[in-house]
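Descriptive analysis of the structure
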Amino acid sequence: MNDELKNIVVFGTGNTARVVIEIIEVKGKYNILGLIDATKGRIGERVKGYKIIGSDADLLNAPWSGDVVGGIIAVGDNFLRKVIADKIIELLPNFVFVSIVHPSTVISQTASIGDGSMIMAGGIINNNGRIGRHCLLNTNSSIDHDSIMENYSSLAPGVVIGGCSHLGECSSISLGAKVINDVTIGEHTVVGAGSTVLNDIPPYTISYGTPCKTIKKRRQGDKYY
């Protein structure tokens, strides 16, 4: 291990965590001290070579806490990411959330990326794009000029967001969907795979189709479909 690398922990052990682990390895900026899993019974197991060193309940008195500079919540579900972040902040108010950005991304010098966000391979953030805290831009997704992703929102692989659009907190844009310019997607809303969004979509809904239409209501924390 390079002694100059800063130790972090990764929250999560699923598919998103595996992708994030590979990005961390490629970037070479951090050393993964271990993984944090919600299930206490999994402590000691290994995922992609890294040991699960604790559960969420262990954060306050973890023996390794003094050895890390921060961590990343590598969980795909937006609401669950928020729940985990809120719990960490409650226990450790000064905990540092790091952002993970794949080296193949294209990010404007005028764009901003909030703490704890994950930008996967091929992601594009254009001029004045603003990415909130704990957001997820998946493989080959893009957000155009002056668009905003509020905290805990996500783009699935292949999503295209036009300029001057606004994605609400915990909103999820599914695989291959397209959102034209100047559109607002409400908080906790899910836009279905392959949809074309031509008009504003209200909060707390599931919407899909071409053109995209609201199908039914949803509550925060509900499954995406």
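The structure reproduced in this document is the subject of the present report.

1. Looking at the layout of surface pockets
- There is about 170 Å³ of room inside the largest pocket.
- Around the largest pocket, the lining comprises 15 residues; the ones closest to its centre are G76, L136, N138, L155 and A156.
- For the lining of the largest pocket, the elements supplying multiple residues, two or more each, are α1 (15–27), β15 (154–155) and β18 (172–173).
- A breakdown of the residues in the lining of the largest pocket according to their chemical character gives 7 nonpolar, 8 polar and no charged.

2. Remarks on the sheet that holds strand β2 (residues 30–36)
- Overall, mixed pairing links the 5 strands, which are arranged β3-β4-β2-β1-β5 in an open sheet. On the outer flanks of this sheet lie β3 (46–47) and β5 (70–73), each paired with one strand and no other.
- Relative to β2, strand β1 (residues 6–11) runs parallel, the two being bridged by 6 bridges. Across the sheet, N7 pairs through a bridge with N31, a residue of β2.
- Contacts between α1 and the sheet are confined to β1, β2, β3, β4 (50–54) and β5, with β2 contributing the most and set at about 160° to the helix.
- Relative to the sheet, helix α2 (residues 78–91) contacts β1 and β5, its axis offset from that of β5 by approximately 155°.

3. Topic: the packing of aromatic side chains
- Tallying each qualifying case throughout the model produces 2 aromatic pairs.
- Aromatic side chains F95 and F97 sit 5.2 Å apart centroid to centroid with 65° between the ring planes, which places their arrangement in the edge-to-face category.
- In this structure F97 comes out as buried when scored by relative accessible area, which is 10%.
- Within the aromatic cluster, the residues linked to one another by ring pairs are F11, F95 and F97.

4. Overview of empty space enclosed by the protein
- By the definition in use, this model includes 1 cavity of 30 Å³ or more.
- Of the pockets and cavities examined, the largest cavity occupies roughly 40 Å³.
- Around the largest cavity, the lining residues are D77, N78, F79, C170, H188, R218, G221, D222 and Y224.
- Among the residues making up the lining of the largest cavity, the classes are represented as 3 nonpolar, 3 polar and 3 charged.

5. Observations concerning unusual backbone geometry
- A cis amide bond links T210 with the next residue in sequence, P211, at an omega value of 0°.
- Here P211 is to be found in the loop between β23 (205–208) and β24 (213–217).
- Residues other than glycine seldom take positive phi values, yet N140 does so here, at roughly 55°.
- By the element assignment, N140 lies in the loop between β12 (136–137) and β13 (142–143).

6. Quick look at the pattern of salt bridges
- A complete count under the given rule lists 6 salt bridges for this structure.
- Among the salt bridges present, the one from E150 reaches R130, with a minimum N-O distance of 3.8 Å. In this pair, E150 is assigned in the loop between β14 (148–149) and β15 and R130 in strand β11 (residues 130–131), connecting sequence segments 20 residues apart.
- Connected through salt bridges with shared partners, the residues D37, R42 and E45 form a single ionic network.

The rules behind these values
Residues numbered from 1 in each chain as written. Predicted model: local features only at pLDDT ≥ 70, side-chain atom pairs only at ≥ 80, totals over all residues. Heavy atoms only, no water. 1 Å grid on protein atoms, 1.4 Å probe; cavity = no way out; pocket = protein on both sides within 12 Å on 5 of 7 lines; lining within 4 Å. Points joined across faces, edges and corners; volume = space filled by probe spheres on them. Helix = DSSP H or I, 4+ residues; strand = E, 2+ residues; numbered from the N terminus. Nonpolar A, V, L, I, M, F, W, Y, C, P; charged D, E, K, R; others polar. Pairing = 2+ DSSP bridges. Contact = heavy atoms within 4.5 Å. Axes fitted to C-alpha atoms, helices over the stretch in contact; angles between N-to-C directions. Phe/Tyr/Trp six-rings, centres within 6.5 Å; stacked < 30°, edge-to-face > 60°. Buried < 20%, exposed > 50% of the residue type's maximum accessible area, 1.4 Å probe, protein only. Salt bridge = Lys/Arg side-chain N within 4 Å of Asp/Glu carboxyl O.

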